[in-house]
Amino acid sequence: MQNYQARLCSSLSLLVENDREIRLSLHKKQRIAFNSIATEILYGGAAGSAKSHLMRVAAIAWCTAIDGLQIYLFQTRQEDLVKNHL
């Protein structure tokens, strides 16, 4: 998995079914968090610092790499979940 993550962040693209490509973009601090081998990461910041984007990119990458993986995103308020992820 670690080698896969390193390749993903250097090219920022995924090949999926039928040779379709998904391009993913991350800022420098997001790439550092994404490439970490840590089992837990505390990633914070002010509103608008793209924390939700990092989580969606990671979810897409991991679900593409790991068959059958299911990822759930939670927020304290439903309004925030809709605003940030849908």
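Note: the structure precedes this text.
Source: prediction; values computed, not measured.

Procedures and definitions
Residues numbered from 1 in each chain as written. Predicted model: local features only at pLDDT ≥ 70, side-chain atom pairs only at ≥ 80, totals over all residues. Heavy atoms only, no water. Patch = residues over 30% accessible without salt bridge, like charges linked within 9 Å, V, L, I, M, F, W, Y side chains within 5 Å. Areas by Shrake-Rupley, 256 points an atom, 1.4 Å probe, with all protein chains shown as cover. Salt bridge = Lys/Arg side-chain N within 4 Å of Asp/Glu carboxyl O. Helix = DSSP H or I, 4+ residues; strand = E, 2+ residues; numbered from the N terminus. Buried < 20%, exposed > 50% of the residue type's maximum accessible area, 1.4 Å probe, protein only. Phe/Tyr/Trp six-rings, centres within 6.5 Å; stacked < 30°, edge-to-face > 60°. Core = buried A, V, L, I, M, F, W, Y, C linked by side-chain atoms within 4.5 Å.

J.: Would you mind going over a nonpolar patch on the surface with me for this structure?
T.: Residues I66, L69 and I71 make up a contiguous nonpolar surface patch of about 200 Å² in total accessible area. Mapped onto the fold, I66 is located in the loop between α3 (51–65) and α4 (78–85). Judged by relative accessible area, I66 falls into the partly exposed class, the value being 35%.

J.: What's the story with the packing of aromatic side chains in this structure? I'm lost.
T.: Two measures describe an aromatic ring pair: the distance that separates the ring centres and the angle between the ring planes. Applying the stated rule across the entire model yields one aromatic pair. When the centroid spacing of 6.1 Å and the interplanar angle of 10° are considered together, the rings of F34 and W62 count as stacked. Placement of the pair is F34 in helix α2 (residues 28–35) and W62 in helix α3, with a sequence separation of 28 residues. For W62, a relative accessible area of 26% corresponds to the partly exposed category.

J.: Can you help me understand the nonpolar core in this one?
T.: A general feature of soluble globular proteins is that nonpolar side chains tend to end up buried together. Grouped together as the largest cluster of nonpolar side chains are eight residues: L24, L26, A33, F34, L54, V57, A58 and A61. Of all the secondary-structure elements, those providing two or more residues to this core are α2 and α3. When residues of this core are assigned to their parent elements, the largest contribution, four residues, is made by α3.

Geometric values such as these leave the question of function open.
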